[in-house]
Amino acid sequence: MGRIPWRLMFAHFRRNKLRAALTVGSVFMAVLIFGFLRTFIVGMETSLAECSANRIISASRLSLFAHMPKSLEPEITELAEGKAEITAFTWYGGIYIDSDPKHYWGRFGTHPESFKKVYGPDLILEEDAWQKWTDLRQGCIIGSDLANDENLKLGDRVHLTGNIFSGEVDLEVVGIYRSKVRSFDQKTLFFNWDYLNETSKAAGGRKDCVSTYCMLLKNAADSGPLSAKIDAAFENSPHRTMTQTERAFQAQFNSMWGNLPLFFGILGGVVLLACLMVTTNTMMLNARERIQETGVLKTLGFTKGTLLVLTLTESLLLCMFGGLLAMFIVQSVDGEILMFVIASVPPSTIWLGLGIATALGLVSGFFPARLVSRLEIVEALRRRA
Amino acid sequence: MSDNALLRFQGVDKIYKRGDEELHVLAGLDMAVNAGEFLALMGPSGCGKSTILNLAGGLDTPDAGTVTFGGEDIGALSDAGRAGWRSRNVGFIFQAYNLIPVLTARQNVALPLLLTPLGSKARKEQAERALRIVGLGDRMEHYPNQLSGGQEQRVASARALATDPRLLLADEPTGDLDATSAKDILDLLQRLNRENGKTIVMVTHDPAAAERAHRTLKLDKGRLVHSTGAAH
Ligand SMILES: Nc1ncnc2c1ncn2[C@@H]1O[C@H](COP(=O)(O)OP(=O)(O)OP(=O)(O)O)[C@@H](O)[C@H]1O
Ligand SMILES: [Mg+2]
């Protein structure tokens, strides 16, 4: 194959800047959307996969938001027969600063000692902080992301006004944890259940409430039998429970949004397809406008192969440039994209995004390349521009 | 037919098919063009003049008979082989100039040089030399739409010259030009023939243009009907 008139390709870009920019832009946007959606889905699936098989969670059968009485704890402990550590969580809700959604992160009342037994293995927190939290009634620990977002340091105070519960709690940050697993987020605050319960009771509000009982099993094989045993024990009580593994619990939580992965998958696919139509149409338009030029190039002695490479390269270059830009943006907003999902962009998404951009370039360059290589010189020259 | 023929048509048929209809544009055409000759081709519209040029330049192949260049059968070459042969041996000048609008005059002229072994600096110099030969040394960085028709045709001539081919094929090169510009182009072709020894086949409708040639072939319905002037 002879030398390729690359200058001609760049001259076309320069002459038709807007068209080139629009092509790059459409690929950029489609691949950007793909990158975000995939990051979101992968983040969701990874956090599910990292959920421990050794943990089971009991919640009210009525709904995730219904409370159970604290009095179930000794009964469940008895049912567990020493095969599990047990802790209790109570979703506090409440208002921090104002009702802006950005201040609406998770906050739970729990027992520092049992919490440490059940969740300690997944967390990074100094021994000092655990101790201080256990000792200080108004102490709380917060995740490192929360510390960053709200600009909180050790010793800072966090004031929450109850809405589910009555009264107000005034907390001191005694520890900032980091999580070893994605399933445990770094945007949550934990404080003493006893303090929660007493302030609400004193203000005449709800008392002795628990949202979930969480258990860490010594042996994962016990999860099925113990779950069944707990649910059976409360079957005929006013507080029927639903006990499942942490993974199933998380999946149930995720499914509040419906089948997001499927929906997002279809959405991403449709956007990419629309983009493919736009780029193919543009490339075809280019090729048609240049029929006479193609005839001239062939007359001068440029071969079919040379023109094929030139045509394909043009569409590849535009599409890959759009893809690169998109992936650059995607990986630079690494971190939290949407509420609830802490997603770092997996390298596979970057490679897939670039791959898709390349495929867009190849496919949209295919038809014009075919047109160009099939064109008879005499036919091409006959057409006046 | 003399022995120093550079280009020779022997029993050439060209048939175009339109649906079921067959159009015999050329039927058993014999003709020879000698090296260094300036030949004019005339004839009514649709008689097959452009078809002859296309066959001579290897843009198309005959349905029967042979077209030889320096004894070599052009029709026997592969597509790529013919493309390479064309880039070395033939320069084309069209009625519609056929310059590439997104390239400057110099870039247009340098384009065919990309198919030679020349380096980029040598290509640039050669393109500039060709533009000076056609009298456009001061318009090198102009785009085709910044040039007059006559200037465009001179750029096209420079492009045809750039690779220093032995054969120039010109299809109504003055067809779209005013009298003065037409005269400039004809002067140029005549000079290239005389001073640079280019063999030229030019299609024209203009008897005055044909006067410049050594010999004029008149064509009707795919056959030579008349020949004036002596073989060169
Ligand atoms: N690709 C084609 N398909 C069908 N018919 C064709 C094709 N190319 C040329 N013809 C026909 O062949 C005949 C000769 O065409 P050609 O272009 O050689 O004529 P010409 O002598 O150059 O005419 P003009 O002086 O108008 O340029 C015409 O009748 C034309 O319609
Ligand atoms: Mg013609």
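Cut-offs and rules
Residues numbered from 1 in each chain as written. Chains lettered and ligands numbered in written order. Predicted model: local features only at pLDDT ≥ 70, side-chain atom pairs only at ≥ 80, totals over all residues. Heavy atoms only, no water. Pairing = 2+ DSSP bridges. Helix = DSSP H or I, 4+ residues; strand = E, 2+ residues; numbered from the N terminus. Contact = heavy atoms within 4.5 Å. Axes fitted to C-alpha atoms, helices over the stretch in contact; angles between N-to-C directions. Near = heavy atom within 4 Å. Polar contact = N/O pair within 3.5 Å; in protein donor to acceptor, adjacent residues only side chain to side chain. Areas by Shrake-Rupley, 256 points an atom, 1.4 Å probe, with all protein chains shown as cover. Buried < 20%, exposed > 50% of the residue type's maximum accessible area, 1.4 Å probe, protein only. Parallel < 35°, antiparallel > 145°, perpendicular 65-115°, else oblique. Left-handed = near helix turned anticlockwise from the far one by under 90°. Nonpolar A, V, L, I, M, F, W, Y, C, P; charged D, E, K, R; others polar. Salt bridge = Lys/Arg side-chain N within 4 Å of Asp/Glu carboxyl O. Lys, Arg positive; Asp, Glu negative; His and termini not counted. Buried area = accessible area lost by both parts, 1.4 Å probe.

1. Remarks on the sheet that holds strand E2 (residues 21-34) of chain B
Residue and element names in this part refer to chain B.
Reasoning step 1: Read from one edge of the open sheet, 4 strands run E2-E1-E4-E5, paired in antiparallel fashion. The open sheet has two edge strands, E2 and strand E5 (72-73), and neither has a second partner.
Reasoning step 2: Relative to the sheet, helix H1 (residues 49-56) contacts strand E1 (5-18), E2 and strand E4 (64-69), its axis offset from that of E1 by approximately 120°.

2. A look at the site of ligand 1
Reasoning step 1: Neighbouring residues of ligand 1: 15 residues in total, closest Arg-382 of chain A together with Ser-45, Lys-49, Ser-50 and Thr-51 of chain B.
Reasoning step 2: Each of chains A and B places residues near ligand 1.
Reasoning step 3: Between His-205 of chain B and ligand 1, the recorded distance is 3.1 Å, taken from a side-chain N or O atom to an oxygen atom.
Reasoning step 4: Expressed as a share of its isolated accessible area of 630 Å², the protein-covered part of ligand 1 is 74%.

3. A few points about the pairing of strand E3 (residues 84-91) of chain A
Where a strand is regular, its side chains alternate between the two sheet faces.
All names here are of chain A.
Reasoning step 1: Along E3, 6 of the 8 residues are buried, which leaves the element largely enclosed by surrounding structure.
Reasoning step 2: In this sheet, strand E12 (residues 212-217) lies alongside E3 in antiparallel orientation, the contact comprising 6 bridges. Each bridged residue has a counterpart across the sheet, and for Ile-86 the counterpart in E12 is Met-215.
Reasoning step 3: As judged from the 2 bridges shared by E3 and strand E5 (residues 106-110), these two strands associate in the antiparallel manner. Within E5, the residue paired with Trp-91 across the bridge is Phe-108.

4. Structural notes on the packing of helix H3 (residues 72-80) of chain A against helix H8 (residues 223-233) of chain A
Residue and element names in this part refer to chain A.
Reasoning step 1: Where H3 meets H8, the closest approach of the two axes is 10 Å, and the angle between their N-to-C directions is 140°. As summarised for this structure, H3 and H8 are arranged oblique, according to the angle between their axes. Note on packing geometry: the crossing formed by H3 with H8 is right-handed. Only Leu-226, Lys-229, Ile-230 and Ala-233 of H8 make contact with H3, whose side of the interface consists of Ile-76, Leu-79 and Ala-80.
Reasoning step 2: For the contact of H3 with H8, the class distribution of residues is 6 nonpolar, no polar and 1 charged.

5. Quick notes on the environment of Thr-134 of chain A
Residues and elements named next belong to chain A.
Reasoning step 1: On the secondary structure map, Thr-134 appears in helix H5 (residues 127-135).
Reasoning step 2: On a C-alpha basis, the gap between Thr-134 and Gly-167 in space is 22 Å, while along the polypeptide they are 33 residues apart.
Reasoning step 3: Not counting residues within four places of it along the chain, the set of residues in contact with Thr-134 comprises Pro-112 and Glu-113.
Reasoning step 4: A distance of 2.7 Å separates a polar atom in the side chain of Thr-134 from the backbone oxygen of Trp-130.

6. Digging into the pattern of salt bridges
All names here are of chain B.
Reasoning step 1: Scanning the model with the defined rule gives 28 salt bridges over all chains in all.
Reasoning step 2: When the shortest N-O distance is used, the salt bridge between Glu-141 and Arg-106 registers 2.8 Å. Placement of the pair is Glu-141 in the loop between helix H4 (120-133) and helix H5 (149-162) and Arg-106 in helix H3 (residues 105-110), with a sequence separation of 35 residues.
Reasoning step 3: The class for Arg-106 is buried, based on a relative accessible area of 12%.
Reasoning step 4: Where Lys-124 meets Glu-128, a salt bridge forms, and the shortest distance between an N and an O atom there is 3.9 Å. Note that Lys-124 and Glu-128 are positioned in helix H4 at a spacing of 4 residues, about one turn of the helix.
Reasoning step 5: Using a relative accessible area of 41% as the deciding quantity, one classes Lys-124 as partly exposed.

7. Here's the deal with unusual backbone geometry
Reasoning step 1: Unlike most non-glycine residues, Asn-151 of chain A shows phi in positive territory, near 55°.
Reasoning step 2: Within the secondary structure, Asn-151 of chain A sits in the loop between helix H6 (144-150) and strand E8 (157-161).
Reasoning step 3: The exposed category is assigned to Asn-151 of chain A, whose relative accessible area is 61%.
Reasoning step 4: At Asn-98 of chain B, a position not held by glycine, the phi torsion is positive, near 55°.
Reasoning step 5: Mapped onto the elements of the fold, Asn-98 of chain B is located in the loop between strand E6 (90-93) and H3.

8. Remarks on the side chain of Glu-172 of chain B
Residue and element names in this part refer to chain B.
Reasoning step 1: Mapped onto the elements, Glu-172 comes out in the loop between strand E7 (167-171) and helix H6 (179-196).
Reasoning step 2: Notably, Glu-172 is buried but unbridged: the nearest opposite-charge side chain belongs to Lys-49, and the N-O separation is 5.0 Å.
Reasoning step 3: Aside from chain neighbours lying at most four places away, what touches Glu-172 is Gln-95, Val-203, Thr-204 and His-205.

9. A look at the interface of chain A and chain B
Reasoning step 1: With 23 residues of chain A at the contact, the number on the chain B side is 29 residues.
Reasoning step 2: Buried surface at the junction of chain A and chain B, both sides included, amounts to about 2,200 Å², of which 64% is carbon and sulfur.
Reasoning step 3: Ranking the residues of chain A by area buried against chain B places Arg-3, Arg-15 and Leu-300 of chain A at the top, with a combined share of 27%.
Reasoning step 4: Counting across the interface, chain A meets chain B through 0 salt bridges.
Reasoning step 5: Our count for the chain A to chain B interface comes out at 7 residue pairs in polar contact (both at pLDDT 80 or more).

Any link to function would need more than the numbers given here.
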